Amino acid sequence: MKILFTPNWTVHHLDVDDELIQPPDKQVAGQGYWFFKYFPKGYQVDIIDRGRKSWFRDLEKKIKFYIKQPIKVFKCRNDYDIVVSHGAQSGLVYELLCSFVKNKPPHLMFDIGGLNGARINHYETPLIRFALRKCPYILVHSSRQIDFYREYYPELAPRVKFIPYGVDCKYFVPQPSVERTRTLLTFGKAKRDNVTLCEAFARISDKRGYRLIVVGEPELAEKYDYIDEITFRPVIPLPELMQLMAESDFIVIPLPEFWYSYGQMSFLQSMAMGKAAIVTRTTSSMDYISKAPGVIGVEPYDVDGMKQAIEEMMDMTDAQRDAIGMANRSYATSRYDEREMSKAICDYINEIVNA
């Protein structure tokens, strides 16, 4: 089977592997790509990404849709058994182009951002409905997104499938030999509610020798420069981030509420590394954390709730945090491993192509 994969990011084509680059962002010569590498033999995956940085891509960023990528995909679509687009920024444009022709392979679109950020208005929503009038297949990583389709795009709802996100649990592993540094860590370069976290941490009078490291939002540093125990850092390479994760006593992933998927990679990677965690209960996280043995859930924007959760983690012994962290590891590997996601996606692709 020939699959054309169109991610809404840049994929680096490498002759030699570079561990500083995460698997979704690289295709190494002679090796399988990302979760497709677990597909059985007989599957060929080609990639058309969003392209390199240019003035035109800057324009695409402003209008929030890719144009060159879906046109390239449209031109070669019939060379493939299925087109798989990751993200609506290109998937919507490609589907719009295909809506005017008869010959096209099935289209599976990963809806990560709620089509249009889950925004509903009188101007954009009818255009999206028009673009998707041929009803492509849609995959989501949050089950609550199906309710969004049932309410606002009922004609698409029967073609929406929930498949949980999965991380590489053989890459993100516990590092028991790393010395702890009495820190709680949060990270993520977008869609984080670090204000709620910092406000909660600021209200804890007895910080028990803890410090908070915030990776990914350094612009908040000035607002909280009066708190010596908070350190802000810019986005850092993955190996350096994993070192900080291993050194931390526990990890906090504070999330705002949106009706789509985000942040799942961060808290699942943390769980796979055997870390105890605090995660906001949102549309994106509830499928994953509601039964997680070592995760304390907090309601969105709840400063007092976040403060109580942090204090509860601080009050645990190292042995107690380690125990629930390793329980998180077992939970993640049994339910949210990348291989399980790959198998489910492969089965769904086969179902679509053979429909």
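Residues numbered from 1 in each chain as written. Predicted model: local features only at pLDDT ≥ 70, side-chain atom pairs only at ≥ 80, totals over all residues. Heavy atoms only, no water.

Chemist: For this particular structure, what's the right way to read the packing of helix α2 (residues 68-76) against helix α3 (residues 88-98)?
Modeler: Packed helices, taken two at a time, are described by their axes: the angle between them and the distance between them. Look at α2 against α3: their axes get within 8 Å of each other, and the N-to-C directions meet at 45°. When the axes of α2 and α3 are compared, the pair comes out oblique. With respect to the hand of their crossing, α2 and α3 are arranged in right-handed fashion. From α2, Q69, P70, I71, V73 and F74 reach across to α3, where they touch S90, V93, Y94, L97 and C98. (Axes fitted to C-alpha atoms, helices over the stretch in contact; angles between N-to-C directions. Helix = DSSP H or I, 4+ residues; strand = E, 2+ residues; numbered from the N terminus. Parallel < 35°, antiparallel > 145°, perpendicular 65-115°, else oblique. Left-handed = near helix turned anticlockwise from the far one by under 90°. Contact = heavy atoms within 4.5 Å.)

Chemist: For this particular structure, what's the right way to read the environment of Y94?
Modeler: Tracing the chain through its elements places Y94 in helix α3. As for Y94 and I71, which are separated by 23 residues in sequence, their C-alpha atoms are 6.9 Å apart. Aside from chain neighbours lying at most four places away, what touches Y94 is P70, V73, F74, R77, V83, P105 and H107.

Chemist: Could you clarify how one ought to interpret the pattern of salt bridges in this entry?
Modeler: Should their charged atoms come close, side chains of opposite charge can pair. Summed over the entire model, instances satisfying the criterion amount to 15 salt bridges. For K26, the salt bridge goes to D17, with nearest N and O atoms at 2.7 Å. Note on K26: relative accessible area 11%, which makes it buried. One salt bridge in this structure joins D147 and R150, with 3.4 Å as the shortest N-O distance. Here D147 and its partner R150 are both found in helix α6 (residues 145-152), 3 residues apart, which amounts to about one turn of the helix. (Salt bridge = Lys/Arg side-chain N within 4 Å of Asp/Glu carboxyl O. Buried < 20%, exposed > 50% of the residue type's maximum accessible area, 1.4 Å probe, protein only.)

Chemist: Just checking my understanding: could you explain the sheet that holds strand β5 (residues 82-86) for this structure?
Modeler: Each strand in a sheet pairs with another by means of backbone hydrogen bonds, the pair being arranged parallel or else antiparallel. Read across the open sheet, the 6 strands follow the order β4-β1-β5-β6-β7-β8; overall the sheet is parallel. If you trace the sheet from one side to the other, it starts and ends with β4 (44-47) and β8 (160-162), each paired once. When strand polarity is set aside, the average angle formed by the axes of neighbouring strands in this sheet is 25°. Alignment of strand β7 (residues 137-140) against β8, held across 3 bridges, turns out to be parallel. (Pairing = 2+ DSSP bridges.)

Chemist: Honestly, the pairing of strand β14 (residues 295-298) in this entry has me stumped. Any pointers?
Modeler: The two faces of the sheet receive side chains in turn, since in a regular strand these alternate between them. Of the two faces of β14, the one carrying V295 and G297 and the one carrying I296 and V298 are both buried. Of the pairings in the sheet, the one linking strand β13 (residues 277-280) to β14 comprises 4 bridges and is parallel in character. Its bridge partner being in β14, T280 is matched across the sheet by V298.

Chemist: Could you clarify how one ought to interpret helix α12 (residues 318-335) in this entry?
Modeler: Two residues of an α-helix separated by three or four positions point the same way, owing to the 3.6 residues in each turn. An ideal rise of 1.5 Å per residue puts 26 Å on 18 residues; α12 measures up with 26 Å between its terminal C-alpha atoms. Within α12, burial applies to R321, G325, N328, R329, Y331 and A332. Tucked inside the fold, the buried residues of α12 contact β12 (250-253), α9 (264-272), β13, α10 (286-289), β14 and α11 (303-315). (Expected span 1.5 Å × (residues − 1).)

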